[in-house]
Amino acid sequence: MNETEFLARSEAILDSLESQSDDWEALYDLDIEANRSGNVLTLIFDDAIHIVVNSQAPMREMWVAAPSGGFHYRFDGQVWKDTRGGPALAEALSQICSEATGQPINVMI
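Please read all numbers here as calculations on a predicted model, not as lab measurements. (Residues numbered from 1 in each chain as written. Predicted model: local features only at pLDDT ≥ 70, side-chain atom pairs only at ≥ 80, totals over all residues. Heavy atoms only, no water.)

Visitor: It is not clear to me how the sheet that holds strand S3 (residues 49-56) should be interpreted in this structure. Could you clarify?
Guide: The strands that make up a sheet pair up through hydrogen bonds in the backbone, lying either parallel or antiparallel. Across the sheet, which stays open at both edges, the six strands sit in the order S1-S2-S3-S4-S5-S6 with antiparallel pairing between neighbours. The open sheet has two edge strands with one neighbour each: strand S1 (32-37) and strand S6 (80-82). Each adjacent strand pair in this sheet contributes to an overall mean axis angle of 20°, direction not counted. In the sheet, strand S5 (residues 69-75) pairs with S6 via three bridges, with the strands oriented antiparallel. Counterpart to Phe75 in the pairing with S6 is Trp80. Contacts from helix H1 (residues 3-28) reach S1, strand S2 (40-45), S3, strand S4 (61-66), S5 and S6 within the one sheet, and its direction differs from that of S1 by about 155°. Across the sheet, helix H2 (residues 89-101) lies against S2, S3, S4, S5 and S6, angled at about 160° from S3, the strand it touches most. (Pairing = 2+ DSSP bridges. Helix = DSSP H or I, 4+ residues; strand = E, 2+ residues; numbered from the N terminus. Axes fitted to C-alpha atoms, helices over the stretch in contact; angles between N-to-C directions. Contact = heavy atoms within 4.5 Å.)

Visitor: Can you walk me through the pairing of S2 in this structure?
Guide: Both faces of the sheet carry side chains from a regular strand, because those side chains alternate between them. Along S2, five of the six residues are buried, which leaves the element largely enclosed by surrounding structure. Bridge count between S1 and S2: six bridges; the pairing is antiparallel. Looking at the pairing, Asn35 lines up with Thr42 of S2. Once S2 ends, the chain turns through three residues before running back antiparallel as S3, passing Asp46 with a positive phi of about 55°. (Buried < 20%, exposed > 50% of the residue type's maximum accessible area, 1.4 Å probe, protein only.)

Visitor: Sorry, what's going on with the packing of aromatic side chains here?
Guide: Working definition: an aromatic ring pair is given by the centre-to-centre distance plus the angle between the planes. Within this structure, the stated rule accounts for two aromatic pairs. Residues Phe6 and Trp80 carry aromatic rings whose centres are separated by 6.0 Å and whose planes lie at 70° to one another, so their mutual orientation is edge-to-face. Taken together, the residues span a long stretch of sequence, with Phe6 in helix H1 and Trp80 in strand S6 at a distance of 74 residues. Summarising the aromatic geometry, the rings of Phe75 and Trp80 are spaced 5.2 Å apart at their centres and angled 50° between planes, so their arrangement reads as tilted. In this structure, Phe75 and Trp80 share a single accessibility class: buried. (Phe/Tyr/Trp six-rings, centres within 6.5 Å; stacked < 30°, edge-to-face > 60°.)

Visitor: Is there a simple way to explain the pairing of S5 in this structure?
Guide: Two elements, S4 and S5, share six bridges in a ladder whose sense is antiparallel. Among the inter-strand pairings, Val64 is bridged to a residue of S5, identified as Phe71. Here S4 folds back onto S5 in antiparallel fashion, the turn holding two residues. A loop of four residues connects S5 with S6, the two strands running antiparallel in sequence, and Gly77 in this loop sits at a positive phi of about 105°.

Visitor: Can you walk me through the environment of Gly69 in this structure?
Guide: Along the chain, Gly69 turns up in strand S5. It is 20 Å that separates the C-alpha atoms of Gly69 and Asn35, two residues lying 34 residues apart in sequence.

Visitor: Please clarify how the environment of Ile32 should be interpreted in this entry.
Guide: For Ile32, the position within the fold is in strand S1. With 23 residues separating them in the primary sequence, Ile32 and Arg9 have C-alpha atoms 24 Å apart. Residues contacting Ile32, with those up to four places away along its chain left out, are Ser21, Trp24, Glu25, Ile44 and Phe45.

So far we have only geometry, and geometry alone does not tell us how the molecule works.
Structure representation (structure tokens):
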């Protein structure tokens, strides 16, 4: 994947997560603040739990920082896979957001 393709894919992920967080807030009556600055999206749950998702164009990776740790994801042509063998990006974010809210959250990427 070239840089232009990566930037389009990563922008779509950040846009989608930002939009989904608005939906979760309304659907589950949650306190979620989404702050976007360029290629960095910070989701703040209940004014306490921060989840940061950002793109790393030089590495062609998406990075996630959460209370459970830091994770890197690389697109394999179909899904964003954890570079250390963990769950794919959508599944990992679903788990992370579910833990942050105490509600089952399904992240769609």
